Amino acid sequence: MTEMKTALVIGGGPAGLEAAIKIGQAGHKVILIERTGSLGGTLRKLYSSFPRWENPEDLVNYLAEQIRNSSLITTMTDTTVTAAKKSAQGYQVTLETNGGKSKEIKVGAVIIATGFELFDASAYGEYGYGIFDNIMNSLEFEALLKEWANNKEKISPPKTIAFFKCVGSRDRSKGMPYCSKICCMYTAKQAGLVKELFPQTKCYVFYMDYRAAGREYEEFVRSVIEQKHVRYVRGRPAKVMPEDGRLLIRAEDTLMGLPIEVTADMIVLAAAIIPSQGTREMASLFQTKIDQYGFIDYETNQPLKAGDRVFFAGACGFAVEILGAMEQGAAAAAEVLSLFNQEN
Ligand SMILES: Cc1cc2nc3c(=O)[nH]c(=O)nc-3n(C[C@H](O)[C@H](O)[C@H](O)COP(=O)(O)OP(=O)(O)OC[C@H]3O[C@@H](n4cnc5c(N)ncnc54)[C@H](O)[C@@H]3O)c2cc1C
Ligand code: SF4
């Protein structure tokens, strides 16, 4: 029954990669599947990471190398799970490639690490997302930052960029009363990166609060405000209107108690973190608990257990930063190893 000491890890972002590496290092077989053509998850889309301005590609390469070097880890990209059947010792799972080829495997435990996506900001008609090209969400902006960094000499820098925080999050009317936890940090990072690439560009961050609870986080945001001269305006923008090819933002500066108008060339929306489509699908196939927003939920007193022989890690369980996702990956791996050891 050696296949029952094999773990299936679903999702090749930082959480899934760390989980697979740790199980492999402990001497058990792992099948790691990733729906897209490459490993790395959202890290592949990021230009730089808070709180240390690191290149996320270095981390992806480091993790991918450990995966490649392990003889116990089998990686299947362009693959997902289309069916799962519970047995006494584990699951019989159907894997299917994007090309339509399918394969049955038996595994003793499953770790779901299928990550998140961003809320569709076009739900806020007043912000113009999906209508104007120069209004984008934060992941689209990461791609633009990469493009700018690679072609810096050829770019004519924007005069002004505005960042709107809490778009979707903390808004009961949109069904997401929760704080998405990481967007204060990545917004500070993105504004700081703009100032590094184009020091003359003015950056405004419109915010309700800023939340920076984490090691080096407060210092990071402070350095963006004080050393990179990003201007933080406390207030929720009320409306965005096109004006001569630019965007006129009307808001109220709630600290000054005054209306404020800013004309920007571009607006970046920090849209709420929501469970990915893959997370919703896997939760349904493996019949895990989910919370009211669709994030995978844990069993009482077992923080990373979502069902019998099913564990989870990373942003499929809630918004989390890279290190947190990896820590959860390692902890979910420990749960699987403990289960396998008990069955010796
Ligand atoms: C704009 C933005 C900037 C950010 N910047 C930072 C930063 O600077 N520093 C930081 O610490 N964090 C940052 N983050 C957060 C970081 O992206 C997350 O912490 C991290 O990606 C979570 O890792 P994960 O493995 O849980 O999920 P993901 O990275 O989302 O990976 C999930 C993987 O699962 C795969 N998958 C999904 N469904 C299936 C399926 N059914 N079958 C197989 N595979 C599947 C996906 O294709 C994906 O590869 C940022 C997030 C955003 C939105
Ligand atoms: S982390 Fe910051 S930007 Fe994101 S929802 Fe919470 S308060 Fe708003």
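All of these numbers come straight from a predicted model, not from anything done at the bench. As a convention, each chain's residues are numbered from 1 in the sequence order in which they are written. Note on labels: chains are lettered from A, ligands numbered from 1, in written order. Thresholds applied to this predicted model are a pLDDT of at least 70 for local features of residues and 80 or more for the giving and counting of side-chain atom pairs; totals over whole chains, interfaces and linings are not thresholded and use all residues. To obtain the side-chain values, all non-hydrogen atoms of the structure were included, while hydrogens and water were left out.

1. A few points about the domain arrangement of the chain
Short version of the rule: Where each domain begins and ends is defined by an automated method or by a domain database. Contacts are assigned to residue pairs with any non-hydrogen atoms lying within 4.5 Å of each other. What gets called buried area is simply the loss in accessible area from a 1.4 Å probe that two parts show on being joined, summed for both. The term salt bridge refers to a side-chain nitrogen of Lys or Arg lying within 4 Å of a carboxyl oxygen of Asp or Glu. Gly is placed with the polar residues, together with every amino acid not listed as nonpolar (Ala, Val, Leu, Ile, Met, Phe, Trp, Tyr, Cys and Pro) or charged (Asp, Glu, Lys and Arg).
Looking at the assigned domains, one finds that the chain contains domain 1 (2–115 + 276–342) and domain 2 (119–272). Its C-alpha centre places domain 1 at a distance of 32 Å from the equivalent point of domain 2. Counting residues at the interface gives 17 residues for domain 1 and 25 residues for domain 2. Interface area for domain 1 against domain 2, summed over the two sides, is near 2,000 Å², with a carbon-plus-sulfur share of 68%. For domain 1, the biggest contributors to the area lost against domain 2 are Y47, F50 and W53; these three give 39% of the whole. The tally of links between domain 1 and domain 2 comes to two salt bridges. For E216, the salt bridge is made with R52, and the minimal N-O distance between the two is 2.5 Å. The class makeup of the residues in the side of domain 1 that touches domain 2 is 10 nonpolar, three polar and four charged.

2. Let's talk about the pairing of strand β4 (residues 79–87)
The condition that has to hold: When DSSP finds two or more bridges between a pair of strands, those strands are recorded as paired. Starting at the N terminus, helices and strands are each numbered in turn, a helix being any DSSP run of H or I of at least four residues and a strand any DSSP run of E of at least two.
Alignment of β4 against strand β5 (residues 90–97), held across eight bridges, turns out to be antiparallel. Bridging from a neighbouring strand, V81 pairs with L95 of β5. Here β4 hands over to β5 after two residues, the two strands then running antiparallel side by side.

3. Digging into the side chain of S48
What counts is decided by this rule: The cut-offs for exposure are 20% and 50% of the maximum accessible area for each residue type, with area from a 1.4 Å probe on protein chains only; residues under the lower value are buried, those over the upper are exposed, and the others partly exposed.
Assignment of secondary structure puts S48 in the loop between β2 (30–33) and α2 (56–69). With a relative accessible area of 5%, S48 lands in the buried category. Leave out the neighbours within four places in its chain, and S48 touches W53, E54, P56, E142, K189 and L193.

4. Thoughts on the site of ligand 1
As a reminder of what qualifies: Here a residue is near a molecule or strand as soon as one of its heavy atoms is found within 4 Å of it. We define a polar contact as two N or O atoms separated by no more than 3.5 Å, with the added condition that, inside protein, one atom must be a possible hydrogen donor and the other a possible acceptor, whereas residues neighbouring each other in sequence contribute only through side-chain atom pairs. Working definition of accessibility: Shrake-Rupley area with a 1.4 Å probe, residue cover restricted to the visible protein chains.
Taken together, 37 residues lie near ligand 1, and E34, F50, A315, V320 and I322 sit nearest. In this structure, A15 approaches ligand 1 through a main-chain N or O atom, which is 3.1 Å from an oxygen atom. A113 places a main-chain nitrogen or oxygen 3.5 Å from an oxygen atom of ligand 1. For ligand 1, whose unbound accessible area comes to 1,000 Å², protein coverage reaches 96%. Contributions of two or more residues to the shell around ligand 1 are made by α1 (14–25), β4, α3 (138–150), α4 (183–197), α6 (277–285) and α7 (322–342). Across the shell around ligand 1, the residue classes tally to 16 nonpolar, 16 polar and five charged. When residues of the shell around ligand 1 are assigned to domains, at least three fall in each of domain 1 (2–115 + 276–342) and domain 2 (119–272).

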